[in-house]
Amino acid sequence: MGDILANLATGWATALTLVNLSYCFLGVLIGTLVGVLPGLGPVATIAMLLPATLTLPADSALIMLAGIYYGAQYGGSTTAILINLPGESSSVVTTLDGHAMARQGRAGAALATAAIGSFFAGTVATFVIAFLAPPLANLAINFQAPEYFSLMVLGLIGSIVLAQGSLLNALGMVVLGLLLGLVGTDVTSGTQRFTFGLSALSDGINFVIVAMGVFGIAEIVRNLEDDETRALLVQEIRGLMPNREERRRIVAPILRGTTVGSLLGILPGGGALLASFAAYAVEKRLSPRGQEFGKGAIEGVAAPEAANNAGAQTSFIPMLTLGIPSNPVMALMIGAMIIQGIRPGPNVMLEQAPLFWGVIVSMWIGNLFLLLLNLPMIGLWVRLLRVPYDLLFPSILLFAAVGVLSLSNSVADVYLLALFGVLGYAFAKLGCEPAPLLLGYILGPMMEEYLRRALTLSRGDPSIFLLRPISAAMLFAAALAVGLLVLPAVRSTRRQAFTE
Amino acid sequence: MRRPNAKDLLVGLLFLAFGSAFLLLAQGYPLGSARRMGPAYFPQLLALLLMAIGLLAMLRALAVAPTAIGRVAAKPLLMVTFAVLLFGFTVERWGLAVASVGLVLLASAAGSELRLARAMALAVALAAFCAAVFGLALGLPFPILHFGG
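Residues numbered from 1 in each chain as written. Chains lettered and ligands numbered in written order. Predicted model: local features only at pLDDT ≥ 70, side-chain atom pairs only at ≥ 80, totals over all residues. Heavy atoms only, no water.

A.B. asks: Any chance you could break down the overall build of chain A for me, citing the residues and the numbers?
C.D. replies: In terms of helices and strands, chain A carries 23 helices and two strands. Relative to its 500 residues, chain A shows a buried fraction of 61%. For chain A, long-range pairs separated by at least 24 residues make up 78% of all intrachain contacts whose partners lie at least 6 apart in sequence. Accessible surface computed for chain A: about 18000 Å², of which carbon and sulfur atoms make up 65%. (Helix = DSSP H or I, 4+ residues; strand = E, 2+ residues; numbered from the N terminus. Buried < 20%, exposed > 50% of the residue type's maximum accessible area, 1.4 Å probe, protein only. Contact = heavy atoms within 4.5 Å. Areas by Shrake-Rupley, 256 points an atom, 1.4 Å probe, with all protein chains shown as cover.)

Put into C-alpha cells, the structure is as follows:
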C-alpha cells in the first residue's frame, strides 16, 4: 500500500507540471471533440496527431494521446443521448436508453448520469491500474524470448476471439498484419524484404499510414456510401441533475458497470467497446427494472457509460506493463512509445517510473477535466454537431494527407496512404475487421525477433514453447480460447451478444 | 451445386493472393534453419499460414448461404483515392497550397451533392491554414506555391 502511494506521488509530480496539465487538458478536449463529431474516431485522430507529438517530451505526448482516447468515450455518449447517433462505437448501447430518456425530456439527467458514471469508473480504474501494474510488470520482467512469443500469440488470439465477426477472417487479418509489419530492412541480416527495391519501403511502412488508411480514409468512404442526410433534432436540455429517485437508482449500476468494465478492459481484445456491451447485457439481467430497458431506464445509461470508461482505462494495463496492445488505440500508443525511443514492456515501469505513473495519474486528472468540460459546457458541444459532414470529411482527408507527408517528408507515403485506404475499404466490404491487422502489424517485427531468439536458445527445437511452464500456460490459454469459440453453443451466444 | 458465398470467396482469394505474393517474394531471401532463422524463415511460415486461411475461407464459401456484399460506393472510393493521389502528385510540383485546394475540391465532389461555392471557400480556407501551420510554422520542406517546373 505504501508503495502504491509512493508510486502515485511520483505520478503526481509528473502529471501536475503546468506543461503536462496543459497537454492533458488539450488531449481530453480533442478527445471530446472527436467523440462528439460522428465519422471521426480516436484511432484516426491519434494517428493524425502522432507526427506532431514527435517534438514533445515522451510523458507529455503519452498523456495527451491517452486523453484523446478516454475523452472520446465522454464525447461519444453526448451524441448518443441527444441525437441517437453514437459518436463512438462504444456508446452504441447508450443510444438505447439514453436517447429514450432524451425524448422523455430527461436528456439532462441522462447526460449527468453518463458523466458521473464515467468519472467514478475512471477514478476506480486509475487505482486498479496502480494496484495491478506493478505485480504484472514484476512477473513479466523475468520473461525471456519464449514467454514473450507465447504472450504475443495469446494477445493476438485474444483480440480475435473478442472481436466482432468471423474468426477466420480476423485470423487472416492478423497474419496479413504480421506480414506487412515485416516489410523493410530485416534487423538481423540487413536484408531488404518485400521492398520491390523502393527506397521508400526500406524502413518499412510507417504504422501511422496503415492506421490512417484502414481506419481514417476507409471510414470516410463508408460514411459517404449512405447518402442519408443526418437529421438534427436536438432536444432542449432542462434540469441537468438527476432527481433523488434517479440518484438512488444509478448507484448499483455504476458499481457493476465499473467492475465489468475494469475486468474486460484488461483482457486482450478488450477495451471500451466490449465493456459497454457486456455491462448493458449484465445490467439488463440483474436490474429489477430489466423490462424497462430500451424505454429510457436510467440504469441502461449508467452501467455501460461507467463500463466503457473503466474499460478504456484498464486496457492500458497490458500495454504499459507487457507491451501488448489490446486494441488499435493501444497499438498506436506502443507506436508512439517506439517513436520516442522507449522499448515497450515491463522495463517501462522500472526505467521510466515518472513517465509511467505520470500517465496513470494524468488519467484521473483528465477525468476531472472531462467532468468540468462536459457538464457545464454541454451546450457548446451540441452546437458542434451542426458541423455538416460535407465540410468535415474533406478537412479530415487533407489533415491525414499532410500529416502523412510530414512523417518523413516523402510523397511516396501519401501514395501508400491512398493504397491502404482502398485496401481498408475492401476489407470492410468483405466483413474483415481492420483492428486485428493493426495489432499484427505492430507486433510483427517483435514476434519474429522473439521467435528467433527462442529457437536459438533451444537450438532449433520448437518444443521449448511447451517445456517452459509460463509459455506453455499462455499457449494453452490461447488454444482454449479458440477451442471454446469453435464450439457451436458458444458461437451462437457470442453472435447474440454482439447483435443484442 | 449451390452458388458459393461471394463474400467468403473473395476474402479467401484475397488472403490466398497476399499469401502467395509474400511466399514468392520470400524465395529471394535466405531461409536459414530453425536454429538460425534467415530473413525468409518467419515470413514464409506466415505466408503459408495465410494461404491456408485463404483456402479455408474459400471452402467455407461453399458451405454457407450466399450473402450480398452490398453496394460498392465506387464514386466516393475513386474520388477520395484520387484526391489523395493528386495531393501527392502536386505537392512537390506546385506547392502545398495548390495541392490542398486540389484535394479538398476533388474530395468534396465525392459527396452526394457538390456545392461548388461552399467547397471553394473551404478549399481556400484549409489551404491557407495548412500553408501557415505546416509550411511556415512547422517548416515542411515543400514549397507553398510553386510554378514553372
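Text resumes after the structure shown.
A.B. asks: For the nonpolar core, give the residues involved together with the corresponding values.
C.D. replies: Of all hydrophobic cores here, the largest spans 201 residues; its most connected members are Ile205(A), Phe316(A), Leu397(A), Leu405(A), Phe420(A) and Phe87(B). Structurally, this core is a two-domain feature, drawing no fewer than three residues from each of domain 1 (6-63) and domain 2 (74-137) of chain B. Those residues in contact with Leu397(A), other than ones at most four positions away along the chain, are Ile217(A), Ile220(A), Val80(B), Ala83(B), Val84(B), Leu103(B) and Ala107(B). With six residues, the next largest nonpolar core counts Val260(A), Leu274(A), Ala275(A) and Ala279(A) among its residues. (Core = buried A, V, L, I, M, F, W, Y, C linked by side-chain atoms within 4.5 Å. Domains from an automatic or database assignment.)

A.B. asks: Break down helix 1 (residues 6-26) of chain B for me, citing the residues and quoting the values.
C.D. replies: Over its 21 residues, helix 1 of chain B extends 30 Å from the first C-alpha to the last, a length consistent with the 30 Å expected when each residue adds 1.5 Å. Packing partners of the buried residues in helix 1 of chain B comprise helix 8 (167-181) and helix 19 (411-429) of chain A together with helix 2 (41-63) of chain B. In this structure Asn5(B) caps helix 1 of chain B, since a side-chain oxygen of it lies 2.9 Å from the backbone nitrogen of Lys7(B). (Expected span 1.5 Å × (residues − 1). Polar contact = N/O pair within 3.5 Å; in protein donor to acceptor, adjacent residues only side chain to side chain.)

A.B. asks: I'd love a proper account of the interface of chain B and chain A, names of residues and values included.
C.D. replies: Contact residues are listed per partner, giving 61 residues for chain B and 62 residues for chain A. Of the roughly 5500 Å² buried between chain B and chain A, counting both surfaces, carbon and sulfur atoms make up 81%. Among the residues chain B hides against chain A, the three largest losses belong to Phe22(B), Met37(B) and Phe42(B). Together they make up 11% of the total. At the surface where chain B touches chain A, the tally comes to two salt bridges. For the interface between chain B and chain A, the tally reads eight residue pairs in polar contact (both at pLDDT 80 or more). Contributions of two or more residues to the side of chain B that touches chain A are made by helix 1, helix 2, helix 3 (74-93), helix 4 (96-108) and helix 5 (116-137) of chain B. Considering every element that reaches the side of chain B that touches chain A, the biggest residue donor is helix 3 of chain B, with 12 residues. Of the residues belonging to the side of chain B that touches chain A, the class tally is 46 nonpolar, eight polar and seven charged. (Buried area = accessible area lost by both parts, 1.4 Å probe. Salt bridge = Lys/Arg side-chain N within 4 Å of Asp/Glu carboxyl O. Nonpolar A, V, L, I, M, F, W, Y, C, P; charged D, E, K, R; others polar.)

A.B. asks: Break down the domain arrangement of chain B for me, with residues and values.
C.D. replies: Assigned domains within chain B: domain 1 (6-63) and domain 2 (74-137). Of note, the centres of domain 1 of chain B and domain 2 of chain B, computed from C-alpha atoms alone, are 38 Å apart.

A.B. asks: Mind laying out the packing of aromatic side chains, listing which residues take part and the relevant values?
C.D. replies: Remark: the centre distance and the inter-plane angle together describe each pair of aromatic rings, the angle taken between the planes. Applying the stated rule across the entire model yields 13 aromatic pairs over all chains. Geometrically, the ring pair formed by Tyr148(A) and Tyr450(A) is stacked, given 4.9 Å between the ring centres and 15 degrees between the ring planes. Of this pair, Tyr148(A) sits in helix 7 (residues 145-161) while Tyr450(A) sits in helix 20 (residues 435-457), placing them 302 residues apart in sequence. When its relative accessible area of 9% is taken as the criterion, Tyr148(A) is described as buried. For Tyr450(A), a relative accessible area of 9% translates into the label buried. Judged by centre distance (5.8 Å) and plane angle (75 degrees), the rings of Phe399(A) and Phe129(B) are edge-to-face. Highlighted residues: Phe399(A) in helix 18 (residues 389-408) and Phe129(B) in helix 5, drawn from two different chains. With a relative accessible area of 24%, Phe399(A) lands in the partly exposed category. We classify Phe129(B) as partly exposed; its relative accessible area is 41%. (Phe/Tyr/Trp six-rings, centres within 6.5 Å; stacked < 30°, edge-to-face > 60°.)

A.B. asks: Just give me the short version of the packing of helix 9 (residues 207-225) of chain A against helix 18 of chain A, but keep the residues and values in it.
C.D. replies: Residues and elements named next belong to chain A. Relative orientation of the contacting elements helix 9 and helix 18 amounts to 165 degrees, with a least axis distance of 11 Å. Taken together, helix 9 and helix 18 sit at an angle that is classed as roughly antiparallel. Between helix 9 and helix 18 lies a crossing of left-handed hand. Between helix 9 and helix 18, the contacting residues are Val 208, Ile 209, Met 212, Ile 217, Ile 220, Asn 223 and Leu 224 on the first element and Tyr 389, Phe 393, Ile 396, Leu 397, Ala 400, Val 404 and Leu 407 on the second. Among the residues forming the contact of helix 9 with helix 18, the class breakdown is 13 nonpolar, one polar and no charged. (Axes fitted to C-alpha atoms, helices over the stretch in contact; angles between N-to-C directions. Parallel < 35°, antiparallel > 145°, perpendicular 65-115°, else oblique. Left-handed = near helix turned anticlockwise from the far one by under 90°.)

A.B. asks: Could you give me a rundown of unusual backbone geometry, with the residues and numbers involved?
C.D. replies: Residues and elements named next belong to chain A. Its identity as a non-glycine residue notwithstanding, Phe 194 has a phi of 55 degrees, on the positive side. Mapping Phe 194 onto the fold places it in the loop between strand 2 (192-193) and helix 9. For Asn 409, which is not glycine, the phi dihedral falls at a positive 55 degrees. Mapped onto the elements of the fold, Asn 409 is located in the loop between helix 18 and helix 19.

A.B. asks: How would you sum up helix 18 of chain A? Please name residues and give values.
C.D. replies: Count 3.6 residues to each turn of an α-helix, and residues three or four apart come out pointing the same way. Residue and element names in this part refer to chain A. For helix 18, with 20 residues, the first-to-last C-alpha span of 30 Å sits near the 28 Å given by 1.5 Å per residue. Extensive coverage of helix 18 is indicated by the burial of 15 of its 20 residues. Where helix 18 terminates, the next one or two residues include Asn 409, which has phi positive at roughly 55 degrees.

A.B. asks: Let's hear about the pattern of salt bridges: which residues, and what values?
C.D. replies: Residue and element names in this part refer to chain A. Tallied over the entire structure, the rule returns 18 salt bridges over all chains. In this structure, the salt-bridge partner of Asp 186 is Arg 452, at a minimum N-O distance of 3.7 Å. One end of the pair, Asp 186, is in the loop between strand 1 (184-185) and strand 2; the other, Arg 452, is in helix 20, and 266 residues separate them in sequence. Of the two residues, Asp 186 and Arg 452, both sit in the buried class. Each member of the salt-bridge network shares a partner with another, and the members are Asp 186, Arg 193, Glu 448, Glu 449, Arg 452 and Arg 453.

A.B. asks: Break down a nonpolar patch on the surface for me, citing the residues and quoting the values.
C.D. replies: Nonpolar side chains collect at one region of the surface, where Phe476(A), Leu480(A), Leu484(A) and Leu487(A) lie side by side and expose about 400 Å² of accessible area between them. You can see Leu480(A) is positioned in helix 22 (residues 469-486). (Patch = residues over 30% accessible without salt bridge, like charges linked within 9 Å, V, L, I, M, F, W, Y side chains within 5 Å.)

A.B. asks: A description of the environment of Phe119(A) should follow, citing residues and the corresponding values.
C.D. replies: All names here are of chain A. For Phe 119, the location among the structural elements is in helix 6 (residues 107-140). Relative accessible area serves as the criterion here: at 18%, Phe 119 is assigned to the buried category. Residues Phe 119 and Glu 305 lie 186 residues apart in sequence; the distance between their C-alpha atoms is 9.6 Å. In this view, Phe 119 contacts Tyr 74, Trp 364, Asn 367, Leu 368 and Leu 371; residues no more than four positions away in its chain are not counted.

A.B. asks: I'd like a rundown of the confidence of the model for chain A, residues and numbers included.
C.D. replies: With 92% of its residues at a pLDDT of at least 70, chain A reaches an overall mean of 86. At the low end of the mean pLDDT range in chain A sits helix 23 (residues 488-499) of chain A, at 58; at the high end sits helix 19 of chain A, at 94. (pLDDT = per-residue confidence, 0-100.)

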